Amino acid sequence: TGKTFFILSILKAWMQQNPTGNVIYFDTESAVTNQMLTERGLDLSRIAKVEPETIEQFRQSALAILDNYEAAKTNTPIIMVLDSLGNLSSLKEVTDIRDQKDSRDMTKAQLIRGTFRVLRLRLAKLAVPMLVTNHVYAVVGAYVPTKALSGGSGLIYVSDSIAMLSKSKVRDKDKNIIGNDVT
């Protein structure tokens, strides 16, 4: 639906409003390229990309960055982005796959909940905004068709705002697809 492009638009506006500010961009899909950032008018010298593979790596990196930011006692604003939460695995999931185990990872939702419970307070104390993209899925068996965020409800309870994007195909008069309408 354009989650990354939506986030990049927000970052561009934030960087314009904060000309000395820096971005910490956690990219879990290896989808954000320097060319993409440059084409959207973002200053690469102010963006640090990090590519965590697990929830645990993301949590440790984010907390270390916040600890360093606090210790530096700087007035330079930062913003953090996690793109995308739904693509992070847990260490247990990675280990199970390596060990060829087919067991389902029941720890992921708890890890996410704990991660954001800890991060939320640190981010608020340091006045550091964080943007998170995530995937949604259809709730099977719901009386009314609804969508839910992947990874459990932990992110919902710590979020100040949630925007859910959806898209539909745009067709010309001959019914040829000419683009998407993002809502």
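Values in this document were obtained by computation on a predicted structure and should not be read as measured data.

Engineer: Just checking my understanding: could you explain a positive patch on the surface for this structure?
Structural biologist: Side chains of Lys167, Lys169, Arg171 and Lys175 sit close together on the surface and give a patch of like positive charge. Here Lys169 is to be found in strand S7 (residues 167-171).

Engineer: How should I be thinking about the nonpolar core in this particular structure?
Structural biologist: It is characteristic of soluble globular proteins that their nonpolar side chains tend to be buried jointly. Grouped together as the largest cluster of nonpolar side chains are 20 residues, with contacts concentrated most on Phe58, Met80, Phe116 and Val128. If you list the elements that add at least two residues to this core, you get strand S1 (22-27), helix H3 (55-72), strand S3 (78-83) and helix H5 (108-126). For this core, the element with the highest residue contribution is H5, accounting for six residues. Not counting residues up to four positions away in its chain, the partners in contact with Phe58 are Phe26, Pro52, Leu82, Leu88, Thr115, Phe116, Leu119 and Met130.

Engineer: Looking at this structure, how should I read the pattern of salt bridges?
Structural biologist: When the charged atoms of two side chains with opposite charge come close together, those side chains can pair. Taken as a whole and judged by the stated rule, the model has three salt bridges. The salt bridge partner of Arg40 is Glu39, with a shortest N-O separation of 3.9 Å. The exposure class assigned to Glu39 is exposed, which follows from its relative accessible area of 55%. Ionic pairing is found between Glu70 and Arg122, a salt bridge with its closest N-O pair at 3.2 Å.

Engineer: What am I meant to see in the pairing of strand S2 (residues 47-50) here?
Structural biologist: As defined by bridge partners, S1 adjoins S2 across four bridges and the pair is classed as parallel. When the sheet's bridge partners are listed, Ile24 is paired in S2 with Ala48. Following the backbone out of S1, through helix H2 (residues 34-39) and into the adjacent parallel S2, one traces a crossover that is right-handed.

Engineer: What should I look at first to understand the packing of aromatic side chains in this one?
Structural biologist: Within this structure, the stated rule accounts for two aromatic pairs. Ring plane angle 85 degrees and centroid distance 4.9 Å describe the contact between Phe26 and Phe58, whose orientation is recorded as edge-to-face. Here the residue Phe26 occupies a position in strand S1, and Phe58 occupies one in helix H3, the gap between them amounting to 32 residues. Judged by its relative accessible area of 0%, Phe26 is buried. An aromatic cluster of three or more residues is present, and its members are Phe26, Phe58 and Phe116.

Reading the values: the criteria
Residues numbered from 1 in each chain as written. Predicted model: local features only at pLDDT ≥ 70, side-chain atom pairs only at ≥ 80, totals over all residues. Heavy atoms only, no water. Patch = residues over 30% accessible without salt bridge, like charges linked within 9 Å, V, L, I, M, F, W, Y side chains within 5 Å. Areas by Shrake-Rupley, 256 points an atom, 1.4 Å probe, with all protein chains shown as cover. Salt bridge = Lys/Arg side-chain N within 4 Å of Asp/Glu carboxyl O. Lys, Arg positive; Asp, Glu negative; His and termini not counted. Charge placed at Lys NZ, Arg CZ, Asp CG, Glu CD. Helix = DSSP H or I, 4+ residues; strand = E, 2+ residues; numbered from the N terminus. Core = buried A, V, L, I, M, F, W, Y, C linked by side-chain atoms within 4.5 Å. Buried < 20%, exposed > 50% of the residue type's maximum accessible area, 1.4 Å probe, protein only. Contact = heavy atoms within 4.5 Å. Pairing = 2+ DSSP bridges. Right-handed = clockwise from strand over helix to strand, strands pointing away. Phe/Tyr/Trp six-rings, centres within 6.5 Å; stacked < 30°, edge-to-face > 60°.

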